[in-house]
Amino acid sequence: MYYHIPEAIDNIAKWYDALPTFDKSAAYQWKDLSTETNKQVERLLKLYPVEILRVTGQPYADIDEIQADVERGQLQVTTDHSEHPVWTEEENFNFRIWHDLTHYEILADFSYLGEVKVYRKQVAHLFAHTSLPIASIRHALFTEVIGQAASAIVNKKFNAQK
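What this report covers is the structure whose coordinates are included nearby. Treat the numbers as computed from the prediction; the structure is a model and nothing was measured.

A count of helical and extended segments in the chain gives six helices and two strands. Taken from the N to the C terminus, the helices and strands of the chain come in the order α-α-β-α-β-α-α-α. For 162 residues, the compact-globule formula gives about 15 Å, and the C-alpha radius of gyration of the chain, at 15 Å, lands near that figure. Counting only C-alpha atoms and orienting by the principal axes, one finds that the chain spans roughly 40 × 35 × 25 Å. Expressed as a percentage of its 162 residues, the buried residues of the chain come to 48%. Counting 16 positive and 23 negative side-chain charges, the chain places the centres of these two groups 5 Å from one another.

See the structure below:
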């Protein structure tokens, strides 16, 4: 499947929606991704020293708003929909920091293709900065970014995280 082609979005959403909410055999992938997320957040906060603000709701309508906020020295990160079958709320929140700072880093919008760009950049972060097994982390990352985005866009709502 060519996930980077917008026409693939329906198939990816169906794939994501059909996944079990929790797969014990895959949980280690999310634990590895959480470990890596902490390293990426630490690294990015050195590059972009911002105050992280916990908020409810979606704080940004577009990438210009994130860019303006980061340039003011802050980043708002939502705590909505933080229930996750593997991660704690804090682990999920940290992933969102990495993800949102990556949106800022490459000025990617919130469209499906914007999410594809952010996913690719996060994979590049992994190749450049991790010693963990990338194959398993990449699967979890794909599910978290591409799968969730496709599902949310197609279903017009944020479904349960998997």
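With that settled, consider helix α4 (residues 89-106). One full turn of an α-helix is made of 3.6 residues, so residues set three or four places apart face in the same direction. For α4, which comprises 18 residues, the first-to-last C-alpha distance of 26 Å matches the rise-based estimate of 26 Å (1.5 Å per residue) to within 8%. Along α4, 14 of the 18 residues are buried, which leaves the element largely enclosed by surrounding structure. A positive phi of about 50 degrees marks leucine 107, the residue just after α4.

Turning next to the nonpolar core. Within the largest apolar cluster, 40 residues are counted, with the highest numbers of intra-cluster contacts made by Leu141 and Ile146. Of all the elements, helix α6 (residues 134-155) adds the most residues to this core, at eight residues. Setting aside residues up to four positions removed in sequence, leucine 141 forms contacts with Leu33, Phe95, Trp98, Tyr119, Gln122, Val123, Leu126 and Ile146.

What follows covers the environment of threonine 78. Here threonine 78 is to be found in strand β2 (residues 74-78). With a relative accessible area of 8%, threonine 78 lands in the buried category. The sequence separation of threonine 78 and asparagine 155 amounts to 77 residues, and the corresponding C-alpha distance is 20 Å. Once residues lying within four places of it in the same chain are set aside, the contact partners of threonine 78 are Val55, Thr56, Gly57, Gln58, Pro59, Phe93 and Arg96.

Definitions and cut-offs
- Residues numbered from 1 in each chain as written.
- Predicted model: local features only at pLDDT ≥ 70, side-chain atom pairs only at ≥ 80, totals over all residues.
- Heavy atoms only, no water.
- Helix = DSSP H or I, 4+ residues; strand = E, 2+ residues; numbered from the N terminus.
- Rg over C-alpha atoms; globule rule 2.2 N^0.38 Å.
- Buried < 20%, exposed > 50% of the residue type's maximum accessible area, 1.4 Å probe, protein only.
- Lys, Arg positive; Asp, Glu negative; His and termini not counted.
- Charge placed at Lys NZ, Arg CZ, Asp CG, Glu CD.
- Expected span 1.5 Å × (residues − 1).
- Core = buried A, V, L, I, M, F, W, Y, C linked by side-chain atoms within 4.5 Å.
- Contact = heavy atoms within 4.5 Å.

Geometric values such as these leave the question of function open.
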